[in-house]
Structures are given as C-alpha cells and as structure tokens.
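Examination of the molecular architecture
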Amino acid sequence: MAALEEGFTLSAVPLGAGPHGLLGVEQSDKIDQFLVTDGGRTVILYKVSDQKPLGSWSVKQGQIITCPAVCNFQTGEYIVVHDNKVLRIWSNEDVNLDKVFKATLSAEINRIHSIQGTEPLVLFKKGAVRRLEALLAEPQQKIETVISDEEVIKWTKIFMVFRHPVLIFITEKHGNYFAYIQMFNSRTLSKYTLLLGQEEKSVIQSFSASVDRKFISLMSLSSDGCIYETLIPIHPSDPEKNQRVVRSLLLKTVVSGNARNGVALTVLDQDHLAVLGPPLPDSKECLSIWNTKFQTLQTSKELPQGTSGQLWYYGENLFMLHGKFLTVVPYKCEVSSLAGALGKLKHSQDPGPQTVPHFVNWETSQGYGLQNSEQSKRILRRRKIEVSVQPPASKQLLSTIKKDSEKHIEVELCKFLAIKQTPDFHTVIGDIVLELLGRHKAEPSFYPRNSLMQLVQTHVLSYSLCPGLMEVALEKADVQMLQLCLQQFPDIPESVTCACLKIFLSINDDSLQEAEISMESVSDYSDSVQEEKMEEQTEILHNGFSPEEENCDNCDRGLNEKPRAAAEETTSCPVIPKRAALLNAILHSAYSEMFLLPHLKDIPAQHVTLFLQYLYFLYLKCSENATMTLPGLHPPTLNQIMDWICLLLDANFTVVVMIPEAKRLLLSLYKFVKSQICICSELNKIEVSFRELQKLSQEKNNRELYSIEVLELF
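Residues numbered from 1 in each chain as written. Predicted model: local features only at pLDDT ≥ 70, side-chain atom pairs only at ≥ 80, totals over all residues. Heavy atoms only, no water.

**Structural notes on the pairing of strand 28 (residues 317-322)**
Counting buried positions along strand 28 yields 6 of 6 residues, so the element is predominantly enclosed. For strand 27 (residues 312-314) and strand 28, the ladder comprises 3 bridges, and the chain directions are antiparallel. Note that in strand 28 the partner of Tyr314 across the bridge is Asn317. Counted along the chain from strand 27 to the antiparallel partner strand 28, the turn is 2 residues long, and its residue Gly315 has a positive phi close to 65 degrees. (Buried < 20%, exposed > 50% of the residue type's maximum accessible area, 1.4 Å probe, protein only. Helix = DSSP H or I, 4+ residues; strand = E, 2+ residues; numbered from the N terminus. Pairing = 2+ DSSP bridges.)

In structure tokens form, the structure reads like this:
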C-alpha cells in the first residue's frame, strides 16, 4: 500500500518563470537540505523541515544558469554552470557568485552529476564525460565528440554499482532513441538502440530508471499514456557493438494520451512508480503512485493549479512545481503484497477521500486492460457497504460541522480529540479546519473561534495546511488567534507575519485589555526596585553603554542633552503588557530577511517608531544583568531584538528620520552604536596583549609545580 501525505509549499516566491523553467532540485551534503536551481539566475538552498531558505546566490545580470547546481559531497562545496561553459564553485560562506572560483571550459556542458561515494562527473552536450578534478586541472582541454551532430541528450542519471559510478544518458535523433552506458571502473561506453515496438508513432515524454547488479531498468512514459520498461545490461557482451533492446509494456493508460505538458514519472522503489499527469483528457493534473508488481493505482492527489511536468524525489519526499511554487509532498510505500495492492491490509485506514485502487485484468491476453468483471464490482460494492455501516468519527464530525451550532460542534470536537490518534491525524485535523472555514465563508456570522483554537493547539497544523485560518483571523483582528498561530505554525509567509505586526501595533489598548492573550513571554516590566536604583545611581552601564555619559571622545556632546528625560524614557515600557506579548510573538517567528524587508516598508511610520521604542526598551532591560537575558518563561533573545532593530531601520530609516517623535530614539540608538564602536576600539588595543597571555599560558614546559609570574601590560 502507498499513501501521499499532505503537501506543503517550500518556496514563498514564484519559481520556474525563467526561459528554462525550474532546472532542478538536488540533494545537499546534509540530508534535510536541497539546492533548488531556477531557470534564470538564482540558486536557493532550502531546509525542508523548517520550510525556509538558508541561502540564495545569483549570477550577474545577463548571465543565465544552464544546468542544475549540485553539491560536491567530498568537499561540501556547490557547483553550478552558467552560459553553458562557465563553472562556478562556492561554499555557504560565500555571498557573491561573481567573486568565487571560476573555470571556463572548452565545450558546452549538459549536466553535472554528483552522488555520495564519488567525485562529481561532468557530462558534455556531445556525450563526453570528465571527472571534475581532472577537468579543473586543465579547463581548456579538448573534449571529444561521442554522439552524432543531430543527436540531442534528452535525459541522464547516475548510479553507484559495486562502489563505482555508472552513468546512463538517453539521446534522440529523428524520433529514434539511444541509450549510452558509461562504466567508470572499466572505462567502457556502451550504446543501445531502443526499439519502440508496436508503438513506433509515440513520443517518449519522460524517463526514469532503477538499477540492480546486472540490469538498468529504464522506464519511459510515452505520448500514448502508457509506461514501458527496458532492461539494459550493465555489462554488455560486446561493448563496442551497437546493440538493440526492446521496450515492453509495463502499465497501460496511466495518463491521458492527449497530454502534452505536465507529464513525468519517477521510480520510487522496485515496486512503485510516481506519475504526474492528467488521468483523463478533460481532468486536472494528478500526482499518483502505481504498484508495478500488481498493476494497481495505489493513491492519487489532484493538482488544481497545474504543474510544469517535472518531478523529483529524495528520501520520502516528492518535489514538484504546483502552479508557480515549489511544493513538497511526503509519501510512504509499504512492502508490496497482494493484500496491500488491493487495499485489504488489516492496519490500513479507511480510504476516505483517497482514490479507490485501480484494478487491471491479469487474465486478458495483454494483461493490462481494466478489470470489469462481476467479481471486481462485488469487491468494490462490499467495501462501500462496510464503510457505510460504521462511518469513522472524522466523517461524523465533518457532517456535524455542516449543519449544527457552534456550541454543539465544540462538544463533538472535544469528544473526537479524546479518541486515540491515527497515523493520518494531521490530515484529518486539516480537513476539519478547512470544513469550518468553508462554512464561515458561506455563513459569515458563523465563526467557531473556540473550536479553531482547540485545533491549532493540537500542534499538528501548519500554515500551508490551512492558509485560510490566518486570513480569517486577520480580517476579524482576532489577536488571540493570531498569537496562537504565530506560536504554533513553523511556515508562516513573511507577508502574513507583517500583516499580524500591523494589527498588533494599530489595535487600541481598550480592545487589547478585553482580549485573552498569553502572557508567558512578558515579565513585570515596571520593576519599581530597578527604577529606584536608577534614581540613586545615574551612571549605570548597559553592556558598556550609559545613556548619560560620554564613552568616547568622538561622541557628539549634543547627544547628552536632557539626560533625565532619556533615563525616564528607558525605565518605562512604551506599550502595555498585552501588546508586548503580541510583539514578542512576532520576534519569535521565523523569517527570511530578503522576503521580509519589502513588507516592513508598508508599516506606517508612527507604528515603526513605537516598535523601535519597544525593542530599544527590551535591549536596555537585557543590559541590566550579566547574562544579557530577559526574565520570563519564553522571552525574546538579545539576538532577536537586535536583528529586528536592524530590519526596521533598514526598511524605514528614510521615513523615520523625518518624524520629530522619533528624533530622541534615533539619537539614543546613534549614541549606543558610537559607544559600542569605542568599546571595540579599546578592546582591539589590548588584543595583542591577550594573544601574548594566551601564548604564555600554553608554555608549560619550563614551569615547575608552583610558580609566580608577573606580566606587565604596556
């Protein structure tokens, strides 16, 4: 049995808009990180578990990336090709691709392959292959021509067989297809002609392959909607001879024969295939998993926004473009058995909204036609009767949501959540939320707030699973719901985070006082004892910074005007505790600076000033103790505070600097930065002395068991 789990959007920005679409998704040297290469100028490193980008690199304007970036697993570096001949090699620490290692080659590159256990291999458009190190040692070396002038490489893949790399690439010439197998342990190149058989007029739209010790199993999805298999020997009897291999029908009509775009397949394991494409001429595109051993459709998922006809898989995740956004769909394939193929395993869940297994008739002469026998109908009928006798609790709850009152739904939801959780619990919870939001859309007066909050607190939801939830909460300015979502959802887009920030800064204090807001992240900011100390001792240092003294000769004396007012300003919180709790939720949220900055520019200047005042207040509170931390259960960290100060100033400085109310705050921030520069300058002066002390502490050979040393610092 196989299952497709709920997918999520990995990329928050549209991809595939370049002239070559999305070039590829490749594994990084860390198992949860992937390199995504757009068909224009950009390579992005994503961490799937966090659903956030870790880095982004672009080539210069006018340059075009021409093949997917890969990771060199031996060095941890990344490699990309732009303008067909130019290699770029960089690491995570590099920022500008224009300043990293560059090598211009003598021939055009088709693809770079990288796999664990060997160095990267470079495949040229004319069929020649080179190891990366040998190529970098002499970039302008002559590259031989392997394939004919009219042959075009259509598909390529690398395997490891007996600890040695094996490269296969498929070429096409005038409708004829050829397979080339490059063995690197024996340095032999074998060529095979793929005989299409009876389906000669069909065009191959997608390839995939798997390997065992003797054969490469080449799968091909043709324009007639069928999948064919070709067995190619790894060790040919006569490597120098052009040999012929015949395709055999594996699965019949898995996609519509009229489909021209959005079609792809990939081998998941020895018994399962993932197929992308519309199953019927007028249907929308679907992602489906087929069991090749028992000829059954195991599961499918409709893709209403369409795809680009590209499909990648790593581990237990499928990657594809859904619309314009890169989407990850986790999947599971169990060990193939007849009971699993028929959906009769005892531990399998009720099929619910999933597709009923698609049976084929093994008794027909071809063995691939649909089974229309009475026995099949009886099996399906019996399954429907069994389901109707005792509907699952989730279906009963969904039925209740459609017609009953909010109070009754809340009671039934409590009963449902008390039941033992099933493996698809997160999917069921997502369906319940969508059903509640669907009824709210149809009946605006229906807003089951308590039920929705209960569901969010199950810790299984994410923004991508129910994006409409936060949209409704923003419309209703439900700050309690927004705070809870910010705390629970790991994948909130930066635009939604900024929309929450606008609500938190603009809502009036009276409305906040009535709201039930979690105050875990807020301590007692009044701190009367500390205020008394401030009055008695006017020269308190905050991490080397005193608001009332000059720490550097170069600091402007004008900044020290009205010290009493500055002290009073920093000892009282500029916002009420409940607003502080909401703002702390923003500080804890995950974000990418590149995507966040444009949205921060839309926040009104007075709200930016208020947020800066609160952040500056938090910084001074952090500076009051040696640990540089705030009291409370989940307070913001110093790094979060400083990062958000920098973000707000980067996005809004030219606006804030014109506001009279922000003048004192900006002067305080300016003086703080000046003082930190002075402290760093003083530390740099004694850096050499510290190094000498470190050397002396390591010289233990000439010391006795006890000694007294006098060190003079000048």
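**Examining the packing of aromatic side chains**
Following the criterion strictly, the structure yields 11 aromatic pairs and no others. A centroid spacing of 6.1 Å and a plane angle of 70 degrees characterise the contact between Tyr314 and Phe319, whose relative ring orientation is edge-to-face. There is no split in this pair, since Tyr314 and Phe319 are both buried. Three or more aromatic residues link up through ring pairs in this structure, and these residues are Phe34, Tyr314 and Phe319. Stacked on the ring of Tyr228, the Lys or Arg Arg247 has its end atom at 4.2 Å from the ring centre. (Phe/Tyr/Trp six-rings, centres within 6.5 Å; stacked < 30°, edge-to-face > 60°. Lys NZ or Arg CZ within 6 Å of the ring centre and 35° of its normal.)

**Section: the sheet that holds strand 14 (residues 152-161)**
Overall, mixed pairing links the 5 strands, which are arranged 14-15-16-17-21 in an open sheet. Each of the sheet's edge strands pairs with one partner strand only, and the pair in question is strand 14 and strand 21 (243-246). Averaged over all adjacent pairs, the angle separating strand axes in this sheet is 25 degrees, with direction ignored. When strand 15 (residues 164-173) meets strand 16 (residues 176-183), the two strands line up antiparallel, connected through 8 bridges. (Axes fitted to C-alpha atoms, helices over the stretch in contact; angles between N-to-C directions.)

**A few points about the packing of helix 16 (residues 605-622) against helix 18 (residues 663-685)**
Here helix 16 crosses helix 18 at 40 degrees, and the two axes come no closer than 10 Å. Accordingly, the angle class assigned to the pair helix 16 and helix 18 is oblique. In this structure, the crossing between helix 16 and helix 18 has a hand that is left-handed. In this structure, helix 16 contributes Thr609, Leu612, Gln613, Tyr616 and Tyr619 to the contact, and helix 18 contributes Leu665, Ser668, Leu669, Phe672 and Gln676. (Parallel < 35°, antiparallel > 145°, perpendicular 65-115°, else oblique. Left-handed = near helix turned anticlockwise from the far one by under 90°. Contact = heavy atoms within 4.5 Å.)

**Description of the pairing of strand 18 (residues 204-211)**
Note that strand 18 and strand 19 (residues 215-222) share 7 bridges and pair antiparallel. Bridge pairing in strand 19 places Ser208 opposite Met219. With antiparallel pairing between neighbouring strands as the criterion, strand 18 and strand 19 make up a hairpin whose turn holds 3 residues.

**Some details on the nonpolar core**
One broad rule of soluble globular proteins: the nonpolar side chains tend to lie buried together. Ranked by internal contacts, the top residues of the largest apolar core, which has 86 residues, are Phe489, Phe504, Leu600, Phe611 and Trp644. In this structure Leu600 touches Cys498, Leu501, Trp644, Leu647, Leu648, Ala651 and Asn652, once residues within four positions along its chain are discounted. Phe159, Ile170, Tyr177 and Ile204 belong to the second-largest nonpolar core, a separate cluster that totals 21 residues. (Core = buried A, V, L, I, M, F, W, Y, C linked by side-chain atoms within 4.5 Å.)

**As for helix 9 (residues 479-488)**
Since the α-helix advances by 3.6 residues per turn, residues separated by three or four positions end up pointing in the same direction. Within helix 9, 8 of the 10 residues are buried, which leaves the element mostly enclosed by the surrounding structure. Listed in full, the buried residues belonging to helix 9 are Val479, Gln480, Met481, Leu482, Gln483, Leu484, Cys485 and Leu486. If you follow the buried residues of helix 9, they end up packed against helix 7 (449-456), helix 8 (467-475), helix 10 (494-506), helix 11 (509-514) and helix 14 (577-588).

**Here we look at the sheet that holds strand 9 (residues 86-90)**
Read from one edge to the other, the open sheet built from 4 strands follows the order 7-8-9-10, with strand pairing classed as antiparallel. The open sheet is flanked by strand 7 (65-72) and strand 10 (101-104), the only strands paired with a single partner. This sheet shows a mean twist of 20 degrees between the axes of neighbouring strands, independent of strand direction. Pairing geometry for strand 9 and strand 10, over 4 bridges, is antiparallel. Directly across from Leu87, in strand 10, lies its bridge partner Ala103.

**Here we look at the side chain of Gln298**
Residue placement: Gln298 occurs in strand 26 (residues 296-302). Looking at Gln298, the relative accessible area reads 0%, which means it is buried. Only 2.7 Å separates the side chain of Gln298 from the side chain of Thr296, close enough to count as a polar contact. (Polar contact = N/O pair within 3.5 Å; in protein donor to acceptor, adjacent residues only side chain to side chain.)

**Remarks on the pattern of salt bridges**
Counted according to the given criterion, the structure contains 13 salt bridges. Between Glu5 and Lys332 there is a salt bridge; the shortest N-O distance is 3.7 Å. With Glu5 in the loop between strand 1 (2-4) and strand 2 (8-9) and Lys332 in strand 29 (residues 325-333), this pair connects stretches of sequence that are 327 residues apart. Here Glu5 falls in the partly exposed class, since its relative accessible area comes to 22%. (Salt bridge = Lys/Arg side-chain N within 4 Å of Asp/Glu carboxyl O.)

**Side note on the environment of Leu484**
The residue Leu484 is located in helix 9 in this model. Looking at Leu484, the relative accessible area reads 9%, which means it is buried. Taking the C-alpha atoms as reference points, Leu484 and Ile517, 33 residues apart in sequence, are found 8.9 Å from one another. Beyond its immediate chain neighbours, meaning those up to four positions away, Leu484 contacts Met453, Val456 and Gln457.

**Considerations on helix 17 (residues 638-656)**
Under the 1.5 Å per step criterion, the end-to-end length of helix 17 is only 23 Å for 19 residues, more than 12% shorter than the ideal 27 Å. Of all the bends in helix 17, the largest measures some 50 degrees and sits at Asp650. Those residues of helix 17 that sit buried are Gln640, Ile641, Trp644, Ile645, Leu647, Leu648, Ala651, Asn652 and Val656. Where helix 17 is buried, its residues touch helix 10, helix 14, helix 15 (593-600), helix 16 and helix 18. (Expected span 1.5 Å × (residues − 1). Bend = angle between axes of the 7 residues up to and from the residue.)

Honestly, that's just the spatial picture; any functional story needs more than this.
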